[in-house]
Amino acid sequence: MSRRRIEPPWTISAAAAVVILNQLVSSGDFIEAPIQILPSAVALELVGALALLGLAALLGARKAGALCWLLALVFVAGFCVRALGLAVPWFFGRDLNVAIDARFVPVFAKLLADAMPAVEFGLLVASAILATCAVLWLVRAMFGVAFRALAAGAPGRLLPGFAVVIASAFALPPAPSAPGPRPFLSADAAATVARNVDNVLAAEGLRGAHRARIDAAQAALPADADLAALRGKHVVLIFVESYGRITATNPDFARTLDPARAKLADRLAAAGYTAASAALVSPITGGGAWMAHGTLLTGAKLAAQDAYEVMLVSGAKTLAHRFAAAGWRSAAVMPRIDQPWPEGRLLGFETIRIQPDLGYRGPRFAWESLPDQWVLERVAALDLAGAPTFAKLVLASSHTPFERVPAIVEDWDALGDGSVYAGLPVREFPVRAGRVFDQDEAYVAAIDYVLDAVGRFADRVADKDVLFVVLGDHQPPLTTARRTGDFAVPIHVFARDEAAVEPFLRRGYAAGIAVPDAAAPMEDFLGAFLADFSTPK
């Protein structure tokens, strides 16, 4: 019996199937460099899949529809894991952990839904579902083409596809930040899946390692810090969402934000404040602000969600615990949180004010946030009106995607319950086609607003004895920022009592509000703060 001849179009289809299937699971870092979507390595996953199809053919299977569908599901899932395995480190500076990161999928979906017009978001979701179904069908069809070539006894028809992959692998340069050329053979998708399986299997050991690091960091802190040098003062710790050092290092950003910082410096000086600034290296970038908050409050580097969760139940003494032990009231103001926040008690805060507690009745802004100026006014009314308080608050008007920036209200007394914002102009920066990581102009506008609000607030409470510590939590989740590889954030401290700023200057902070080049680890802040403001032992 003569072997059935495979026509040339079949050869082309088989070769195309090999190239595309290979790329589903072995693309280079196309997040950093889109050209890396082209072939740059031979995928061992594809070799294994073709071996399974070949085995089915050898066993006499006339069709392999079920196997092709199974392989299609595995390869599409592998592509998704591979893509996330590239995107998460790129935008957030840490490895993908599916067991933990899966809980943030609804959060990201809500972010898009809030930032985009409803019709556009609906079309985006529908398009994503249709595209997924189409890709799944196409991948199954490609495996069908490969199986027919193998079943016809013509595996050589697949070789031109591998030849294209190999030629491209030799010709394609590595991604800019890659340590060197990629290995000729890759199992990137399988390796990413294996790492995430290992994260689950080794979770208990990882928690133990996190606990040991947290305990060691806590043990290195001053044991009996009484914070005597701050006696009688309010201490206000302000985290500015996404306030990264890129605001000073990127020329396009600095063109607007350096003058904004200069205006802040002038306003502070006119109100009698002394200021100093530095930069701190955040443990995270792009998101996960609570890990930066926990790092500064405990003195332990918390660069992963599971490390943060271990810290919460470790009994670690935070800065809030220490202020409370020294006689201060302590309050956490969390205007983005609209559900009960039991973590606040574990972090040592006696008073916790979340969004429903603040009494806001106006419109929402970036990702359903409250206007920062209004939040600051509530802090003045609720937390700076009595005995000395340590207040930690998060300003969220600069939260991604920065799509709605509120106006400054000149008359603070008009802020009321926030209803005034319904009649004020809003700077709008709609997110188009889901491109939340390319909102550069919106980001600059949001940070400009926050710096203005902070300066006006300091001026408004200049009659009170306050030490302000204002810093970013992480670099913004923008492609522009992630390309820098920089995790640093600005920190500004200011008070009308010059003696309260002097310890920071001795530590190397620069006088004023300009952001210097040098940066210290964020986890080092607490030890220095406790030592500088407590009675020497």
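The preceding data block contains the structure.
Each value, and the rule that gives it
Residues numbered from 1 in each chain as written. Predicted model: local features only at pLDDT ≥ 70, side-chain atom pairs only at ≥ 80, totals over all residues. Heavy atoms only, no water. Salt bridge = Lys/Arg side-chain N within 4 Å of Asp/Glu carboxyl O. Helix = DSSP H or I, 4+ residues; strand = E, 2+ residues; numbered from the N terminus. Buried < 20%, exposed > 50% of the residue type's maximum accessible area, 1.4 Å probe, protein only. Patch = residues over 30% accessible without salt bridge, like charges linked within 9 Å, V, L, I, M, F, W, Y side chains within 5 Å. Areas by Shrake-Rupley, 256 points an atom, 1.4 Å probe, with all protein chains shown as cover. Pairing = 2+ DSSP bridges. Phe/Tyr/Trp six-rings, centres within 6.5 Å; stacked < 30°, edge-to-face > 60°. Lys NZ or Arg CZ within 6 Å of the ring centre and 35° of its normal.

Chemist: Would you mind going over the pattern of salt bridges with me for this structure?
Modeler: If charged atoms from side chains of opposite charge come close, those side chains can pair. A complete count under the given rule lists 18 salt bridges for this structure. Of the charged contacts, one joins lysine 263 and aspartate 452 as a salt bridge, the two residues approaching to 3.7 Å between their closest N and O atoms. You can see lysine 263 sitting in helix α11 (residues 251-270) and its partner aspartate 452 sitting in helix α18 (residues 440-460), a full 189 residues away along the chain. The class for lysine 263 is partly exposed, based on a relative accessible area of 41%. In this structure aspartate 452 comes out as buried when scored by relative accessible area, which is 13%. Of the charged contacts in the structure, one is a salt bridge between aspartate 452 and arginine 456, with a shortest N-O distance of 2.9 Å. Of this pair, aspartate 452 and arginine 456 are both found in helix α18, four residues apart, which corresponds to roughly one turn of the helix.

Chemist: Please clarify how a nonpolar patch on the surface should be interpreted in this entry.
Modeler: A cluster of nonpolar side chains, Leu44, Val47, Phe170, Phe184 and Leu185, forms an exposed patch at the surface whose accessible area comes to about 490 Å². Within the secondary structure layout, valine 47 lies in helix α2 (residues 44-58). On the basis of relative accessible area, valine 47 is assigned to the partly exposed category, the value being 39%.

Chemist: Sorry if this is basic, but what is going on with the pairing of strand β11 (residues 488-495) here?
Modeler: Along any regular strand the residues' side chains alternate between the sheet's two faces. Counting buried residues in β11 gives eight out of eight residues, a clear majority hidden from the surface. Neither face of β11 is left uncovered, since the one carrying Ala488, Pro490, His492 and Phe494 and the one carrying Val489, Ile491, Val493 and Ala495 both have all their residues buried. The sheet contact formed by strand β4 (residues 274-281) and β11 spans eight bridges and is antiparallel. When the sheet's bridge partners are listed, leucine 280 is paired in β11 with valine 489. Pairing of strand β10 (residues 466-472) with β11 involves five bridges; the strand directions are antiparallel. Within β11, the position partnered with valine 470 by the bridge is histidine 492.

Chemist: Where do I start with the packing of aromatic side chains in this structure?
Modeler: By convention here, two paired aromatic rings are described through the distance between centres and the angle between planes. Summed over all chains, the structure comprises 21 aromatic pairs. With centroids separated by 5.8 Å and ring planes inclined at 75°, the aromatic side chains of phenylalanine 365 and tyrosine 421 adopt a geometry described as edge-to-face. Of the two residues, phenylalanine 365 is situated in the loop between α16 (355-358) and α17 (372-383) and tyrosine 421 in the loop between β8 (404-405) and β9 (427-428); the sequence distance between them amounts to 56 residues. Owing to a relative accessible area of 2%, tyrosine 421 belongs among the buried residues under this scheme. When the ring of phenylalanine 457 is compared with that of phenylalanine 468, the centres are 5.9 Å apart and the planes differ by 80°; the resulting orientation is edge-to-face. Here phenylalanine 457, found in helix α18, pairs with phenylalanine 468, found in strand β10; they are 11 residues apart in sequence, far enough to count as distant. The residues phenylalanine 457 and phenylalanine 468 share a single accessibility class, namely buried. The ring of tryptophan 367 carries the charged tip of arginine 336 above its face, separated from the ring centre by 4.6 Å.

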